[in-house]
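Remarks on the overall topology
Each chain, letter by letter, is given below.
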Amino acid sequence: MEARLETEVCVIGGGPAGAALALRLARLGHEVCVVERHAFPRPHVGESLTPGVWPLLDALGVVESVRRGGFLPALEALVRWEDASGRRVHGRSGATGLLVDRGRFDALLLGAAASAGVRVLQPAVAQRPERTSSGWALPVLHEGRRLLVSARFLADASGRTSCLGGRKLPVSARTLALYGYWRGETPHGPETRVEAGPDAWYWGAHLPDGTFNAMAFVDPELLRERGIGRRTLKSFYRELLGRSGLLEAWTAPRLVSGVLACDATCYRDAVPIEEDCIKVGEASFSIDPLSSSGVQKALQTALSGAVAVHTLLSRRGNAEAALRYYTEDQRYSVEQHAAWAAGYYRESRDYQERPFWKRRALAQTAPVSAEVRPPVAEDELLHRRWRLASEAALVDTPCIVGDVIELRRALSHPRLGRPVAYLDGIELAPLVERLGEASTEGLTMPQLADTWARQVPLRQGVAIMGWLYRQGLLTEVAANGLR
């Protein structure tokens, strides 16, 4: 007789996104099961974590476990990008990234989920899920037997393969990553290395086990043009690295692994969330490895996704807001990162005219300027008169409020990448309303302070005014009432 398991949420995939989603949902009171294909620890590429990962690890309650994990701090990077001379980039004290063993790191996150009450089926092979009248039915092969998992909600954290399928929309030129692990007689320096080449770019880092991961990012077409197959991949990879300085600090570098290839093309899923399922991590979208923030983005999708799922399961009246929030958050993240990556590719001056670089320098979206005006002294802000820019408006937008998603009024303007509801924890709508009511004579900061006093102290009000000014959301009004 077929064994059965009932759960509220079933997560397919136990990597960083799946583990983080399961952990957060369990702490929000949901019954969660994770189905992971591989036994941990298992080798996995993507060992570099940026400093931005620490707030996410803190939100998951695993900072101390990670600190005790024996991972290496990413203190310095040697970057040869704008030209061949190179520059050293130092991490700020207290804000360094990490170089991790992904097998141990992923096992740590999944272990934290299990400790929070998540049921982990591992190793277990998830087969094709099917929708039912009450949710989902997922056949699973676990410990040599067939198990049918019934779930109210399904989360796809299975990576690029995406067990739920769907349409993937490319947002970059097709890119292939070739990589292998090295050792040498002279230890490599502690720095991460990033380098531009005529038809590729390179990344390398010293890892906790003493190996050095050296990667080359190329056009897949280059392999086809050269007739590169599995038998010749290693020699081609060695040829590529020979054109770089990744291994220059080694006396006698030795390749101690096979040469592997993986897709590094950026994309986003056309439908990342529905009322009974969600895609997180690379099942939702993939960003350019230039930023070394793939794990960070996976954790971010898991944390925002957990709030969306919690809202769908516990506040059915807020379902539309939850779906809209997660969809818009995915699109905004993809567009911002694509614009950043394109700008960074344009900075490689030596190779701007090479096809590899031209294709990657074309952003599908233009970056939003963080500040459009220079800062203004506080005294000047206090005595000038202001009114809200004519194109600014308050619109309903989905926001995270506590542990659920609700509609809140937010400030919208063409200069902003997305509507802004809160600034430093202060709700903007009540403040902007008073500013928007200003007629042709405008308001001074002391006048605003009187109307804002119940919501915000004077100095915080000045800071908000400064932000509004720098974003180009204020129009100055002259003493005679004319601009």
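Residues numbered from 1 in each chain as written. Predicted model: local features only at pLDDT ≥ 70, side-chain atom pairs only at ≥ 80, totals over all residues. Heavy atoms only, no water.

Each neighbour pair has its own omega, and for Phe40 with Pro41 the value is -5 degrees, a cis peptide bond. Position of Pro41 among the secondary structure elements: in the loop between strand 2 (32–35) and strand 3 (48–49). Cis geometry marks the peptide bond from Gln122 to Pro123; its omega dihedral reads -10 degrees. For Pro123, the position within the fold is in the loop between strand 8 (119–121) and strand 9 (124–126). Here Glu143, not a glycine, exhibits a phi torsion of approximately 55 degrees, which is positive. Residue position: Glu143 is located in the loop between strand 11 (135–142) and strand 12 (145–156). Located in the positive-phi region is Ser292, a residue other than glycine, with phi close to 55 degrees. (Helix = DSSP H or I, 4+ residues; strand = E, 2+ residues; numbered from the N terminus.)

Right, let's talk about the environment of Leu169 for a bit. The residue Leu169 is located in strand 13 (residues 168–170) in this model. The class for Leu169 is partly exposed, based on a relative accessible area of 21%. Considered as a pair, Leu169 and Cys10 are 159 residues apart in the sequence and their alpha carbons are 26 Å apart. Setting aside its immediate chain neighbours within four residues, Leu169 contacts Cys266, Tyr267, Arg268 and Ala270. (Buried < 20%, exposed > 50% of the residue type's maximum accessible area, 1.4 Å probe, protein only. Contact = heavy atoms within 4.5 Å.)

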